[in-house]
Each structure stands twice: as C-alpha cells, then as structure tokens.
Amino acid sequence: MSVRPFAGSQTRRAGRPLFAQDTFERAPQGVGDSPRIRSTSLPKLAPVASAGAAGPGDLDVAQLRADTPGCADVVHLNNAGSALPPSPVVEGVERFNRLESLVGGYAAEEAERDAVERPYGALARLLNCDEEEIAVVQSATSAWQQVVFGMDFQPGDRILTSVAEYGSNFINYLQLAKRRGISIDVVCEEPSGDISLENLEELLTGGPAPPKLISISHIPTSSGRVYDAEGVGRLASQYGVPFLLDACQSVGQLPVDARRLNCTFLSGTSRKYLRGPRGAGFLFVAKSALDAGFEPCALDVRSAQWTSREGYKMRSDARRCEQFEMSVAAKVGLGVAVKYALDVGLEAMWHRIRHLAGLLRSRLGEIRGVQTRDVGPNLCGIVSFDVEGVDAAEVAAALKAERISVSVSGIDSSRLDFEKRGLRDVVRASVHYYNEEWEIERVGEAVQRLMKRT
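All residue numbers refer to positions counted from 1 along the written sequence of the respective chain. Reporting of local features is limited, given that this is a predicted model, to residues whose pLDDT is at least 70; pairs of side-chain atoms are given and counted only at 80 or more, and all residues count toward the totals for whole chains, interfaces and linings. The basis for every side-chain value is the complete set of heavy atoms in the structure, and neither hydrogens nor water enter the calculation.

The name recorded for the chain in an unreviewed UniProt entry is Aminotransferase class V domain-containing protein, from Ostreobium quekettii.

Right, here's the structure in full:
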C-alpha cells in the first residue's frame, strides 16, 4: 500500500475509458423559472458592512427566518454539520410519521406515493440531470460507498484524490489499500489553495495504466475553499477515468450542475445545506455508467431482481444503488427540502451565503489574536478560524454558552491538509442564507469577550 503525492511528470497516455463520458457544454441550471422569495434582508442591528453594497440578493430573509423556528433560539452557524430545517420539511416528516402510526409503514408509503417520489424529480432539476440518474439512500456515506466499494479494484490500481479529502473518505481508501492492494495518489494544490489541474493531468497520464477512479470532495469539511470540480471533470472526461464528486457541502449552498461538472458519480446529503432531515442521502450516476453496467457494492430486492437460482438482473436506472430499508419519512422530507431550495433560488442563496461569510471573515480579522484559515481563490460559507492561546473546543464551548452554535474540525477530519498547514484543530462557523448580519456582529463580540478573559 502506498499514499503518494505527485512525484513528477511522465509521458502522456490517454488510456481506455472505463465509463465512456461525453463533454457537455454549459447547460441551464434548471432553476431559473422557480418562483423566488423576494424582498430585502432586514438586519436587526447595524451590520458590519453595508448589506446593500454587498448585494445580499433578492431573498426575503424575514420570511425565511419565520419559516425556521430554530432561528429564534440560537445563532446557528453549524450549517455545514446540520442546518436548521424549515417548517415545511418538519411538517412533511411529521405528517408521514403520524400516518405510519395509523396505518403502518407500507400502507403509508403507498398512500403518499407522490411525496415519496418527489425527491427524484426535484433532485434531477437541482442537479440538471435525468430522474433515472438519481438514487435516494440512507446517507451520503452509503451513497459514496456504493460507488467506491463497487469498483472492481485490483492490486496496483490507483485512486486519485485531493490534499483536503475528508477523513472518512480517506479511511476507506486506506481500507481498500489494505484489502485490495490499491495505491492512493494525492493531487497537489496550487499556491492559491485550489486543486492543481496540471498535476492532475500528469497523474492521469503517468504510470503503467490510467487511474481507476478520481475521487475528491468539492468543498472540504474543514475549510472554506471550493475546488475547481469543473476542471477536474473536464480532465476526467478527456482521459476516460470515472470521477466521483463528494458534494455533501456544496449541494444546497451553491449551484451544482452534474452535466457541466462532467462527473460520473456525485454523492450528497439531506441534512447540511439542503436543510432536510437526517437519515437521507442521494447519489447521481451518469447514464453512461449505468449503460456500461456499473454495479454498486451491495444489491438487494429493491435494486435487483432474482431471476434464477444463479442469476439476478440489476435495475436499469440509478435506483440499483438503493436498498429496501431506509427512513421513508426522511425521504419525504428530502423531497420537500429540495423543492424549498429550488423555490428560494440557488443563485440568490449562493450570493447571500458568500456575502455573510465575507462579513464574518472580515469581522474575525479585526480581532487581535484571531486568524481565519480559509485558503483558495473561491471561498464559500464555511469559515474556519483559530484563537491564539485557546483550544478550538474551548472557543466553541464559550460561543455555545452565548447561544451561538459552531463546530470544531480536528486533524482527523482532514489530516493531509492540516499537517501541510501545521494545524491541529479549527473552529468551523458555517453560515446559511437565513443568518443575518447582526448575528455576524454577535459572533465577533463574543470572540472579543473571550479574548479579554484569556
């Protein structure tokens, strides 16, 4: 087993495609005709900077917060962990659970067939793909593992991944290295912090054979940078290598177009920026992979048909990656959450999230002894920082005491990235479009009070 950073350029070799892919031109996001919630943001206190100048978008933040009861209780800046669900999502889940209690799970699922099927069409619209390319599963982890452990890895096969890869994903690569003898090649980063497409191309063309899989996280769990996934997808398509994008932190935060990204697979979750319930995730599988016979790591009677004593036949669509048992209530809630996001409008959401994250980075940057740790030319709503002389867990606890919810990312969440930058842990504050400018100021004041006590 080996984990190898890039070691130098070699002769270009195109390689034979495993799953043939087409290069797509820019396609419509599929959300332009969604009704948007319009008005202006209504900060309760003086904002750190002019909201109008920053252009927070056309969102009626007051209405969005009215839809989100949790906003009354806490300054919620842990949206990269689990966002506050809007009332329609909560009501959809509760309604289905009540029905289950009256008629049983099977009858409830049959009675609410439209609600159970809603996620497929909504996710297809969200990701600009076909419904047959969508699977709904128990979690983003199960979606991702259906792909990675479904690949027919042989000793010597290579996976290409990124410096800022998520810890759980990397543990699975190490498990594959232990069990199947694969190698893990880590693509370098540019000085800016973005993934190096030049290095990626050299790794694609070097070695005795093409890599078996490119697998990266679109947005790392512990940093605000957004990798150039479109550039990665373009090279993956060019050299015929399957591309798996972990989009847990990006779907629901920014527009994500599976066609434009040229990914073969894309995994995501309900509970983060989509504001859905826990217990549901989803997987995009490109039609090219379906037609080529991609087989996930685990099948059951939902995903395949037992055709003879020695034979089975997989479903023709991405639902071959699903399994019979999951929380149907969570699946219903996911469908409501995706529809809610589409109605709000992805571009407006993304615009406001970047606006608020920029305010938070600026506010924290004013405090002596506080350093933000986000790198990259394209930053998102995740703001990572540390406080001189104070452990990240202590900072998070102090903010919690003031009803401000953040989280801590430790070195085990992104070891290669943290070791490279000399970090042990950081505080992670992740904004969403329903946060307000006065909440950013409140965080700054709380951190300043902490500094005075230390």
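> Which residues make up unusual backbone geometry, and what values do they have?
Phi at N262 takes a positive value of approximately 55°, unusual for a residue other than glycine. Numbering goes from the N terminus for both helices and strands, where a helix is a DSSP run of H or I of at least four residues and a strand is a run of E of at least two. Position of N262 relative to the elements: it lies in the loop between α10 (258–261) and β8 (265–269). Its identity as a non-glycine residue notwithstanding, R275 has a phi of 70°, on the positive side. Judged by relative accessible area, R275 falls into the buried class, the value being 1%. Each residue is assigned to one of three classes by its accessible area relative to the maximum for its type, calculated with a 1.4 Å probe on protein chains only: buried under 20%, partly exposed between the two thresholds, exposed over 50%.

> Any details on helix α9 (residues 229–239)? Residues and values, ideally.
Of all 11 residues in α9, eight are buried; the element is thus mostly enclosed. Taken residue by residue, α9 has A229, G231, V232, G233, L235, A236, S237 and Y239 as its buried positions. The positive-phi residue at the C-terminal boundary of α9 is G240, with phi of around 70°.

> Give me the sheet that holds strand β12 (residues 370–372): which residues, what numbers.
Here, strands pair whenever DSSP counts at least two bridges between them. Pairing is antiparallel in the open sheet, where four strands are placed in the order β12-β13-β16-β15. Taken across any chain shown, the strands that pair with only one partner, and hence form the sheet edges, are β12 and β15 (407–410). Between one strand axis and the next, the sheet turns through 35° on average, direction left out of account. When β12 meets strand β13 (residues 382–387), the two strands line up antiparallel, connected through three bridges. In the sheet register, V370 faces β13, and the bridge partner there is V387. Only heavy atoms enter the contact rule, under which two residues are in contact if any of them lie within 4.5 Å. In this analysis an axis means a line fitted to C-alpha atoms, helices contributing only their contacting stretch, and an angle means the value between N-to-C directions, from 0 to 180 degrees. Sitting on the sheet, helix α14 (residues 392–401) touches β13, β15 and β16 (425–430), and the angle it makes with β16 is about 35°.

> Can you break down the environment of V395 residue by residue, with the values?
With respect to the helices and strands, V395 occurs in helix α14. Classification of V395 by relative accessible area gives buried; the value is 0%. When near neighbours in sequence (up to four residues on either side) are disregarded, V395 contacts F385, V387, V390, V427 and L450.

> A description of the packing of aromatic side chains should follow, citing residues and the corresponding values.
Between rings of Phe, Tyr and Trp, where Trp is taken as its six-membered ring, a pair exists when centres lie within 6.5 Å; planes separated by under 30 degrees are stacked, by over 60 edge-to-face, and by other angles tilted. Tallied over the full model, the rule gives five aromatic pairs. Arranged with centres 5.6 Å apart and planes meeting at 70°, the rings of F170 and Y173 form a pair that is edge-to-face. On the criterion of helical spacing, the pair formed by F170 and Y173 is a turn pair, its members being three residues apart in helix α7 (residues 167–180). Exposure remark for F170: the relative accessible area of 11% places this residue in the buried category. Y173 gets classed as buried once you look at its relative accessible area, which sits at 0%. Between Y433 and Y434 the ring centres are 6.0 Å apart and the planes differ by 75°, which places this aromatic pair in the edge-to-face class. Aromatic rings pair up to connect W144, F170 and Y173 into one cluster. Over a ring means this: the NZ of a Lys or the CZ of an Arg is within 6 Å of the ring centre and within 35 degrees of the ring normal. One residue, R319, lies across the ring of Y120, its end atom 3.5 Å from the ring centre.

> A description of the packing of helix α5 (residues 113–127) against helix α12 (residues 328–344) should follow, citing residues and the corresponding values.
Remark: α5 packs on α12, axes separated minimally by 8 Å, with the N-to-C direction vectors making an angle of 40°. Our classification of the angle between α5 and α12 gives oblique. Crossing geometry of α5 relative to α12 is assigned as left-handed. Contacts from A115, V116, R118, P119, Y120, A122, L123, R125 and L126 in α5 reach V328, K331, V332, L334, G335, V336, V338, K339 and L342 in α12. Side-chain classes follow a simple rule in which Ala, Val, Leu, Ile, Met, Phe, Trp, Tyr, Cys and Pro form the nonpolar group, Asp, Glu, Lys and Arg form the charged group, and the remainder, Gly included, forms the polar group. When the residues that make up the contact of α5 with α12 are grouped by side-chain class, the tally is 13 nonpolar, one polar and four charged. Working rule for angles: under 35 degrees goes down as roughly parallel, over 145 as roughly antiparallel, 65 to 115 as roughly perpendicular, anything else as oblique. Crossings are sorted by hand: turned counterclockwise from the far helix by less than a right angle, the near helix makes the crossing left-handed, and turned clockwise it makes it right-handed.

> How would you summarise the packing of helix α13 (residues 346–365) against helix α16 (residues 437–453) if you had to cite specific residues and measurements?
Remark: α13 packs on α16, axes separated minimally by 9 Å, with the N-to-C direction vectors making an angle of 25°. One way to sum up the angle between α13 and α16 is to call them roughly parallel. The handedness of the crossing between α13 and α16 is right-handed. On the side of α13, the interface is formed by R352, H355, L356, L359, L360, R363 and L364, while α16 contributes E437, I440, E441, V443, G444, E445, V447 and Q448. Grouping the amino acids of the contact of α13 with α16 by side-chain chemistry returns seven nonpolar, three polar and five charged.

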